[in-house]
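One letter stands for each residue in the lines below.
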Amino acid sequence: MADTVVGENPDPHAAGEDPNRRDFIHIAAGAAAVGAVGALAWPFIDQMNPSADTLALASVEFDLSKVALGQQVTIKWRGKPLFIRKRTEAEIAAAIADDGANLPDPQTDAERHKPGKAEWMILIGACTHLGCVPTFAGGDYGGWFCPCHGSHYDTSGRIRRGPAPLNLPVPDYEFLSDTTVKVG
Amino acid sequence: MSGHSTYEPKTGVERWLDTRLPIIRLGWDSIVDYPTPKNLNYWWTFGGILAVCLMIQIVTGVVLAMHYVPHIDHAFASVERIMRDVNYGWLVRYMHANGASMFFIAVYIHMFRGLYYGSYKAPREVLWILGCIIYLLMMATAFMGYVLPWGQMSFHGAVVITNLFGALPIVGEAITTWLWGGFAVDNATLNRFFSLHFLLPFMIAGVVGLHIWALHVPGNNNPTGVNVKSKADTVPFHPYYTVKDGFAIVLFLILFATFLFYNPNALGHADNYIPANPLVTPTHIVPEWYFLPFYAILRAVPDKLGGVILMFGAIAVLFVLPWLDTSKVRSMRYRPTGKLYFLIFVLACLVLGYCGGQLPDDHVIPGLSTFTLIDADLNSFVWLSRLATLYYFGYFLVVLPILGLTETPTAQPESISTPVLSHPAGMPAGAVAAPEKKG
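These lines cover the structure that appears in this document, whether it is placed above or below. No experiment lies behind these values; they were computed from the predicted model shown.

### A short note on the overall build of chain A
Phase 1 of the analysis: The number of helices and strands found in chain A is three helices and ten strands.
Phase 2 of the analysis: Taken from N to C terminus, the helices and strands of chain A fall in the order α-α-β-β-β-α-β-β-β-β-β-β-β.
Phase 3 of the analysis: For 184 residues, the compact-globule formula gives about 16 Å, and the C-alpha radius of gyration of chain A, at 31 Å, lies well above that figure.
Phase 4 of the analysis: For chain A, the spread of C-alpha atoms along the principal axes amounts to about 105 × 35 × 30 Å.
Phase 5 of the analysis: When each of the 184 residues of chain A is scored for burial, the buried share is 36%.
Phase 6 of the analysis: For chain A, the share of sequence-separated contacts (at least 6 apart) that also reach a separation of at least 24 residues comes to 50%.
Phase 7 of the analysis: If you sum the accessible surface of chain A, you get close to 10300 Å²; carbon and sulfur atoms cover 58% of it.

Printed below as a string of structure tokens:
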């Protein structure tokens, strides 16, 4: 400290100092810190997304001969219920007849099953309102009825009345044979 | 925590500590010599009761975590094991489950107290907002805790509540998948809920610390809503309010024990003693009683996103309440019209709670069919919910802003002491010496 000139202000923030270099260092350091925190935050956010083993459990095969005409079997797929319903002629006819009705989420019945397989209605059994499992053949339209908040679905799984905004979703599936279906 | 400290260290050890960590001074100034309005009534004891509730929940919760297994294959069985095999496990678990209900009873009374006496008004806005944050954290904690036993109500409650976020446009599905850690409520969901259910109570404790700090800066409000003017308006916290709070806590614990030992499942739901089955939803799904008013608001709206927005809005509106109420008078005691609207507001909250537990299409008056208005019979719980929801929001967004400008309040006392000292009917001499008797 021998070289300290008495009377000179040693405060670097004092007026008269060139502020540009110091400002640059402040901004650069701040930006680096924000960037680092952001980059570190992402792994901690993304770890909550589905893990690799969860994503791997994506498809199931099902033997359709177990389902009687007019009945439905519920299986679990990706943790959710999957409805596999063998519709009667009357149920199919009712669904087609309502294709032109005033539907909240317009879709024809033919868009909701595989060509030539009108009897097989395969749907994810989670109400599009808040995810409850609709009950089979309930409600005013003979399809499904959600007990939680009163959504009515028709025999094509289309929403007809109640708080649900969308039709019961159709998963990706294909017929491996006449009696085997692969979902997912 | 504020103002002049009266603590005087008496021993050498206290003096030594006081210059290094004045923690005894902090305690002395906060709960011994803290000047408290002398007219606080029993509605003011719920702060202390809530502190006890939080401690009970943390202690019993830590014990339960020693025996609980957060896995979908073992969770239900481990809870039953706690009930049957763990020494006093039944007691600890019933304390925790009923303790949650007691916590909410106390917090609702505490909040209505704040609403009635205008405790949210300047200079206590931050105190009020911190309270709202605590309430939000409590709801998140209670919801996740209810999922842990992995019964039917646990599971499908979790499905419904997490699906609420699916109502958001565009990002909704990504958010629900992120919350679940999969494509449905599953093991990943249970694990993270357990982790967060353990964490949140300690965050609540932290915010409670801030809440008390924010209380001790302006000091307590009081039933008159009139500011403390002099030392004559206050008494030291100890022994006056330590004893008063202590007495109220004992009464509250008697109520708690009545539920705990005589009807421990009265506030629960039988369906939660059925192990979770993702393929079947219980026919009548209801949340715990303390969420029923919000559930009724959710169901009152025929639109999914609208219902979700209104439900969260019902809590959000509390945060801005200090700026919605235009009245300069704090206490409803001196607001004859405001008092009336407040009482109807309490009624509306109770009606919403009742509606939340009923089926939306059921008749309010049994056997009476009136006419269908828009989508439901007028004599149905969904319409009753709509009316009560309208009043709930109307109270905050219309009544309080306008009434403050139009209402003529009655005369407020000069100070807290005035009505006591100038009472015409010849108060007994002990009235001032025992001010806690004055409501």
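### What about the overall build of chain B?
Phase 1 of the analysis: Looking only at helices and strands, chain B features 15 helices and four strands.
Phase 2 of the analysis: The C-alpha radius of gyration of chain B comes to 24 Å, within 12% of the 22 Å expected for a compact globule of 439 residues.
Phase 3 of the analysis: Overall size of chain B, expressed as C-alpha extent along the three principal axes, is 70 × 60 × 45 Å.
Phase 4 of the analysis: Evaluated residue by residue, chain B yields a buried proportion of 50% over its 439 residues.
Phase 5 of the analysis: Excluding contacts between residues fewer than 6 apart, the proportion of contacts in chain B whose partners are at least 24 apart in sequence is 77%.
Phase 6 of the analysis: As displayed, chain B has an accessible area near 20800 Å², and 71% of this comes from carbon and sulfur atoms.
Phase 7 of the analysis: When the 25 basic and 24 acidic side-chain charges of chain B are each reduced to a single mean position, those positions are 11 Å apart.

### Here's the deal with the interface of chain A and chain B
Phase 1 of the analysis: If you look at the interface, chain A gives 26 residues, while chain B gives 26 residues.
Phase 2 of the analysis: With both chains or domains summed, chain A and chain B bury close to 2300 Å², and 65% of this area falls on carbon and sulfur atoms.
Phase 3 of the analysis: At the junction of chain A and chain B, the tally comes to zero salt bridges.
Phase 4 of the analysis: When residues of the side of chain A that touches chain B are traced back to their parent elements, those giving at least two are helix 2 (52-56), strand 2 (72-77) and strand 3 (80-86) of chain A.
Phase 5 of the analysis: For the side of chain A that touches chain B, the element with the most residues is strand 2 of chain A, which contributes three residues.
Phase 6 of the analysis: Residues belonging to the side of chain A that touches chain B are distributed by class as follows: 13 nonpolar, ten polar and three charged.

### Points about the state of the cysteines
Residue and element names in this part refer to chain A.
Phase 1 of the analysis: As enumerated under the stated definition, the model contains one disulfide over all chains in all.
Phase 2 of the analysis: In this model Cys132 forms its disulfide with Cys148; the gap between the sulfur atoms is 2.0 Å. On the sign convention where negative is left-handed, the bridge of Cys132 and Cys148, at about -95° about the S-S bond, is left-handed. Residue Cys132 is located in the loop between strand 4 (120-124) and strand 5 (135-136), and its partner Cys148 is located in the loop between strand 6 (142-146) and strand 7 (151-154); the two are separated by 16 residues in the primary sequence.

### Some remarks on the side chain of His113(A)
All names here are of chain A.
Phase 1 of the analysis: Here His113 lies in the loop between helix 3 (89-97) and strand 4.
Phase 2 of the analysis: Under the relative-accessibility criterion, His113 is labelled buried at 14%.
Phase 3 of the analysis: In this structure His113 touches Arg87, Ala118, Trp120, Met121 and Tyr173, once residues within four positions along its chain are discounted.

### A word on the packing of aromatic side chains
Residue and element names in this part refer to chain B.
Phase 1 of the analysis: Counting across every chain of the model gives 33 aromatic pairs over all chains.
Phase 2 of the analysis: Ring centres of Trp289 and Tyr290 lie 5.5 Å apart, and the angle between their planes is 75°; this geometry places the pair in the edge-to-face category.
Phase 3 of the analysis: Ring plane angle 70° and centroid distance 5.4 Å describe the contact between Tyr392 and Phe393, whose orientation is recorded as edge-to-face. When sorted by exposure, Tyr392 lands in the same class as Phe393, which is buried.
Phase 4 of the analysis: Between Arg113 and the ring centre of Trp44, over which it is positioned, the NZ or CZ distance is 4.5 Å.

### Points about the environment of Met144(B)
Residue and element names in this part refer to chain B.
Phase 1 of the analysis: The residue Met144 is located in helix 6 (residues 125-147) in this model.
Phase 2 of the analysis: Taking C-alpha positions, Met144 is 26 Å from Tyr262, a pair spaced 118 residues apart along the chain.
Phase 3 of the analysis: Those residues in contact with Met144 that lie beyond four places of it in its chain are Phe193, Leu196, His197 and Leu200.

### A short note on the pairing of strand 10 (residues 180-183) of chain A
As a general feature of sheets, a regular strand has side chains that alternate between the two faces.
Residues and elements named next belong to chain A.
Phase 1 of the analysis: The alternating pattern of strand 10 places Val181 and Val183 on a buried face and Thr180 and Lys182 on a face that is not buried.
Phase 2 of the analysis: Pairing between strand 1 (residues 60-63) and strand 10: four bridges, direction antiparallel. The residue of strand 10 that forms the bridge with Glu61 is Lys182.
Phase 3 of the analysis: As paired strands, strand 9 (residues 173-175) and strand 10 are joined by three bridges and run antiparallel to one another. Note that in strand 10 the partner of Tyr173 across the bridge is Val183.
Phase 4 of the analysis: Two successive antiparallel strands, strand 9 and strand 10, enclose a turn made up of four residues.

### Describing a nonpolar patch on the surface
Residues and elements named next belong to chain B.
Phase 1 of the analysis: A surface patch of nonpolar side chains, about 490 Å² in accessible area, is lined by Tyr42, Phe247, Val250, Leu251 and Ile254.
Phase 2 of the analysis: Assignment of secondary structure puts Val250 in helix 10 (residues 237-262).
Phase 3 of the analysis: Look at Val250 and you get partly exposed, because its relative accessible area is 46%.

### Here's the deal with helix 10 of chain B
Phase 1 of the analysis: With 26 residues, helix 10 of chain B extends 35 Å from end C-alpha to end C-alpha; this agrees with the ideal 38 Å at 1.5 Å per step.
Phase 2 of the analysis: Inspection of helix 10 of chain B places Phe237(B), Tyr241(B), Lys244(B), Asp245(B), Ala248(B), Ile249(B), Phe252(B), Phe256(B) and Leu260(B) among the buried residues, and these make up the whole buried set.

### Considerations on the sheet that holds strand 3 of chain A
In a beta sheet, neighbouring strands are held together by backbone hydrogen bonds and run either parallel or antiparallel to one another.
All names here are of chain A.
Phase 1 of the analysis: Pairing in this open sheet of three strands is antiparallel, and the strands run 2-3-4 from one edge to the other. At either margin of the open sheet sits one strand with a lone partner, and together these are strand 2 and strand 4. Between one strand and the next, the sheet's axes are offset by a mean angle of 20°, whatever the strand orientation.
Phase 2 of the analysis: Pairing of strand 3 with strand 4 involves five bridges; the strand directions are antiparallel. Of the residues in strand 4, the one forming a bridge with Phe83 is Leu123.

### Overview of the pattern of salt bridges
Residue and element names in this part refer to chain A.
Phase 1 of the analysis: All told, the structure shown has 13 salt bridges over all chains when counted by the stated rule.
Phase 2 of the analysis: A salt bridge links Arg161 to Asp140, with the nearest nitrogen and oxygen atoms 2.4 Å apart. Residue Arg161 is found in strand 8 (residues 159-161), and its partner Asp140 is found in the loop between strand 5 and strand 6; the two are separated by 21 residues along the sequence.
Phase 3 of the analysis: Under the relative-accessibility criterion, Arg161 is labelled partly exposed at 38%.
Phase 4 of the analysis: For Asp140, a relative accessible area of 52% corresponds to the exposed category.

Procedures and definitions
- Residues numbered from 1 in each chain as written.
- Chains lettered and ligands numbered in written order.
- Predicted model: local features only at pLDDT ≥ 70, side-chain atom pairs only at ≥ 80, totals over all residues.
- Heavy atoms only, no water.
- Helix = DSSP H or I, 4+ residues; strand = E, 2+ residues; numbered from the N terminus.
- Rg over C-alpha atoms; globule rule 2.2 N^0.38 Å.
- Buried < 20%, exposed > 50% of the residue type's maximum accessible area, 1.4 Å probe, protein only.
- Contact = heavy atoms within 4.5 Å.
- Areas by Shrake-Rupley, 256 points an atom, 1.4 Å probe, with all protein chains shown as cover.
- Lys, Arg positive; Asp, Glu negative; His and termini not counted.
- Charge placed at Lys NZ, Arg CZ, Asp CG, Glu CD.
- Buried area = accessible area lost by both parts, 1.4 Å probe.
- Salt bridge = Lys/Arg side-chain N within 4 Å of Asp/Glu carboxyl O.
- Nonpolar A, V, L, I, M, F, W, Y, C, P; charged D, E, K, R; others polar.
- Disulfide = S-S within 2.5 Å.
- Phe/Tyr/Trp six-rings, centres within 6.5 Å; stacked < 30°, edge-to-face > 60°.
- Lys NZ or Arg CZ within 6 Å of the ring centre and 35° of its normal.
- Pairing = 2+ DSSP bridges.
- Patch = residues over 30% accessible without salt bridge, like charges linked within 9 Å, V, L, I, M, F, W, Y side chains within 5 Å.
- Expected span 1.5 Å × (residues − 1).
- Axes fitted to C-alpha atoms, helices over the stretch in contact; angles between N-to-C directions.

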